Amino acid sequence: MSTTWSIDILQQLWQLATELHQDQTYGGAQKGQRWAYISHIGSVTFEVLNALQQDPDLDAHLCISCAILHDTIEDTSFEYRDVADRFGVAVAKGVDALSKNPAIKDRSAQMQDSLRRIQAQPREIGIVKLADRISNLKKPPYYWNLTKKQFYRDEAIVILETLGSCSAYMRDRLAAKIKRYEKN
């Protein structure tokens, strides 16, 4: 595997993600707080960069590319063929597996479907999903009720159980984040 990546491609990926997510925000822990969505993309990418330091056998290019693009198919007008044309089929397959299928209406069924598709990909894609949930398990948005918080925690446990074998380091990070999240 390659533990290197091209800074030029990384900058292309980041610019694209910034453009695609430019008008998107998400809620913070305090009332009225909104964050630019690109900060989430950065957080997932930082988690992946850290995981790459722990495991030199990972394909760094695939892992970083999918981290930066992980929400593009799901949340923007950028489609599978756009990812494939610009960044290759392996990256497109990874990003697609990380995306919820909008034809599936039940949230739990969507997650199970995505996890099955992630498991069919190289383990780098599982690491991106672990990084995604690690970065999302901060203090929940102020408007989430207890039921929503518990559902999100339970979903994190399913992700941990399903994908934890992709990386011992990321498994342990997610387990620790779940424990801290339970106190929020």
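For the structure, check the block above.
Per-chain numbering applies: the sequence of each chain, read as written, is numbered from 1 onward. Given that the model is predicted, a residue must reach a pLDDT of at least 70 before its local features are reported, and side-chain atom pairs must reach 80 or more before they are shown or counted; all residues, however, enter totals for whole chains, interfaces and linings. The side-chain values count all of the structure's non-hydrogen atoms but skip hydrogen atoms and water molecules.

Novice: What exactly am I supposed to notice about the packing of aromatic side chains here?
Specialist: Aromatic contacts are taken between Phe, Tyr and Trp rings whose centres are within 6.5 Å, Trp giving its six-membered ring; a plane angle under 30 degrees counts as stacked, one over 60 as edge-to-face, and the others as tilted. Scanning all chains against the criterion turns up four aromatic pairs. Considering the side-chain rings of Tyr26 and Tyr37, the 6.0 Å spacing of their centres and the 85° angle between planes classify their relative orientation as edge-to-face. Placement of Tyr26 in strand β1 (residues 25-27) and of Tyr37 in the loop between β2 (34-36) and α2 (38-54) is noted, with a sequence separation of eleven residues between them. Like Tyr26, the residue Tyr37 is buried in the burial classification. Relative to Tyr143, the ring of Tyr142 has its centre 5.0 Å away and its plane inclined at 85°; by these criteria the two rings are edge-to-face. Residue Tyr142 is classed as partly exposed on the basis of its relative accessible area of 37%. Labels follow the DSSP assignment, with helices taken as runs of H or I lasting at least four residues and strands as runs of E lasting at least two, numbered in each case from the N terminus. For every residue, the accessible area obtained with a 1.4 Å probe (protein chains only) is divided by the maximum for its type, and the residue is called buried under 20%, exposed over 50%, and partly exposed between those limits.

Novice: Teacher, can you tell me more about the environment of Ala176 here?
Specialist: Structurally, the position occupied by Ala176 is in helix α10 (residues 168-181). Classification of Ala176 by relative accessible area gives partly exposed; the value is 32%. Spatially, the C-alpha atoms of Ala176 and Ile134 are 9.1 Å apart, while their sequence positions differ by 42 residues.

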